[in-house]
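What the coordinates show
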Amino acid sequence: MIRFGAITIECANPNPTLFVHSLSFFSSLLNVRSGLCFSCDSALKTTEVKDLQLLTYMDKDESPQIARRMTRSSASASSSASTSNNVPVAKVNSLEPLTVNDLLVGGGTVSLDDIISSFPGRNNQILELVRLLGPLNSPMLPLFVYGGSSAGKTSIILQLFRHLNRPLVYSSCRTCHNQRILFESILNQLLLHRKSAANGYSNAKRCERPSDFVNFLREALTNVINNLKEKSDKLVSNKTIEKEIGNMIYLVFDNLQLVKQWDKSSTVLPLLFNLYDMLKMPEVGLIFISGTSPDTFYSNMGYVEPIPIYFPDYTEGDIRLILLRNQANQKLYSSFLDVALRPFCRITRQVGHLSAALKPLYEKYCEPLSDKGVVPNEDMKRRLFSHIKPHITSSLNEIFKVSSLPSTEVETCKEKRWKANPKRLGQLEEIGDLDFHMSTTAKYLLISAFLASRNPATLDASLFDSKGGSDNRKRKRKPSEKVLEKKESLEEELLMKGPGTFPLERLLAIFQCIVSVAEDPSNDEEQNNDGLGVQGGNGGLMSDVLLQLSSLCNANFIFKGRSCPIEGSNRYRSTISEGLALKVARSLKFPLSKYLYRR
Ligand SMILES: Nc1ncnc2c1ncn2[C@@H]1O[C@H](COP(=O)(O)OP(=O)(O)OP(=O)(O)O)[C@@H](O)[C@H]1O
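The sections below set out a description of the structure shown in this document. (Residues numbered from 1 in each chain as written. Predicted model: local features only at pLDDT ≥ 70, side-chain atom pairs only at ≥ 80, totals over all residues. Heavy atoms only, no water.)

1. As for the side chain of Thr 348
Examined against the element boundaries, Thr 348 turns out to sit in the loop between helix H12 (330-347) and helix H13 (351-366). Accessibility expressed as a relative area gives 5% for Thr 348, which makes it buried. A polar contact is formed between the side chain of Thr 348 and the backbone nitrogen of Gln 350, at a distance of 3.0 Å. (Helix = DSSP H or I, 4+ residues; strand = E, 2+ residues; numbered from the N terminus. Buried < 20%, exposed > 50% of the residue type's maximum accessible area, 1.4 Å probe, protein only. Polar contact = N/O pair within 3.5 Å; in protein donor to acceptor, adjacent residues only side chain to side chain.)

So, in structure tokens, the structure goes:
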């Protein structure tokens, strides 16, 4: 926030988030992501873009100084975005009354094909959403769009509404951080109310209680729908060619998982999920967007469960396509991704984090080149790789630190849920494929803990070679009768004891081994440098691993025992089943069974 510049503009659109998301979309099309909106890197962009809504909606009494502020760059971006598309996306300093047209996503028309090609890896979700939204004026059941952070949920929904040219009211539960702000933000938009100096930056309605909200909401929705019907009747009678916007109005609630953090009385979520039944207005579409899966919300409360649409984590191939878009020299960038992408993908699959982390590394990669348009040959690729090699570990450490943060949000959610009802662990495992919204590092830690609990410590050396991979050569050697017997009794003992305990050092050693498994392209040349840069001397990174470990313990994935009187240190035990461990491993494409001690 401090970085915001001095220029103050008034955004006439009642829904500045739509405006900013349009900018975000343009910026991604034009590849001017960093610095466009807030002169910040793209890793921070999403959060800050969403923070703009907070600033613009902020009550006068909550933050008088920062409300309505934007940077110089965002102001210029707004003008460039609007001129380049000939669509005024915001009426700067305008006092014109708002109309239902201001509930449309600005930025001009965009075709479905353009959206599909702008969001690699999301073809299915986009088409599914279009199908569920249906043709103009078709009623729909509530939708529940969910998936990890930066999975493109918000951007895609907004771009689809831009494509469909239908009005929506967008509220993010990140910036609307209490029930009053959420209610009032929705009502402001529906009542086409603009906060301004003239009205003392007041809201259209003061609304704190859920019952008041439902009454105001019903009234405001009825007005908007009548308004829309009148508009479409006029269009028909005048035979105007203006694109129809229909009679439907959509309410979009983003970052729904955050409601649980601020709604201590647990009234808002049941209210929102009940809206469909309470309103009984077929012209109202409800869309919930969440970073956590539906089962973290519903508890047989009797309301119609929204239709789930899952945005899975991107595969490495998807991320490659996303990052390759808009690159001036695709061949050069592709050769860079060949050597750099994989270790980064092991840490996070978040597009924003990855592009921010890879940007300076790519600049380094290009440093030796006088001609940035060159198509690199094998020799040049090798030279460029050795040029960035010394910097890979520090970049990995950076992204590791950044990517550890958002996952805690999700983990906190899980933690609360599991604390509330630990018996549901088994059920959660059933739907495990959809439920792993945790950072890649946390997943590797979980697997490491599982291996440490399952395998006897004495076999670690034979299961992991010095490079971290499973030493197949050793394992393939035909065991003698005696060894077989010993193994058998060891296995029986293990079964009797259940999951074993292990010290922290063993967990970290296994973690270090498995994250540096052979696939890393840099491993061929750089044997001493593991994929995540987990090196003995790196206190900063290790502290992040410890942070993640503590989250896993809090969430009851790993049990932390009391300190051992002999060793003087804590011992840990994995609490997850083999099925869950295999699912986590599958989501990482990690060959877990290769490392499991079996007879
Ligand atoms: N498939 C994709 N192609 C191009 N850009 C993408 C893709 N997926 C995400 N992005 C970009 O990543 C950024 C974050 O996307 P967005 O805010 O839509 O994600 P989200 O799923 O809503 O995240 P969150 O749950 O954190 O709110 C945006 O700049 C968006 O354009």
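Now, onward.
2. Focus: the environment of Ala 220
With respect to the element layout, Ala 220 can be found in helix H8 (residues 210-238). A residue is classified by how much of its surface remains accessible, and Ala 220, at 1% relative accessible area, is buried. Between the alpha carbons of Ala 220 and Leu 192 there is a distance of 9.5 Å; along the sequence they are 28 residues apart. In contact with Ala 220, not counting residues within four places along its chain, are Leu 187, Leu 190 and Leu 191. (Contact = heavy atoms within 4.5 Å.)

3. Remarks on the pairing of strand E4 (residues 284-290)
Within E4, seven of the seven residues are buried, leaving the element largely enclosed by the surrounding structure. Burial along E4 is two-sided: Val 284, Leu 286, Phe 288 and Ser 290 and Gly 285, Ile 287 and Ile 289, pointing in opposite directions, are all buried. As defined by bridge partners, strand E1 (residues 143-147) adjoins E4 across four bridges and the pair is classed as parallel. Paired with Val 145 across the two strands is Ile 289, which belongs to E4. For strand E3 (residues 249-254) and E4, the ladder comprises five bridges, and the chain directions are parallel. Paired with Leu 251 across the strands is Leu 286, a residue of E4. (Pairing = 2+ DSSP bridges.)

4. A short note on helix H6 (residues 153-164)
An α-helical segment advances 3.6 residues per turn. Residues three or four places apart therefore align on the same side. In a regular helix each residue adds 1.5 Å, so 12 residues correspond to 16 Å; H6 covers 16 Å between its end C-alpha atoms and thus fits that length. H6 sits mainly inside the fold: 11 of its 12 residues count as buried. Taken together, the buried positions of H6 are occupied by Lys 153, Thr 154, Ile 156, Ile 157, Leu 158, Gln 159, Leu 160, Phe 161, Arg 162, His 163 and Leu 164. Within two residues after H6, Asn 165 carries a phi angle of roughly 60 degrees, on the positive side. (Expected span 1.5 Å × (residues − 1).)

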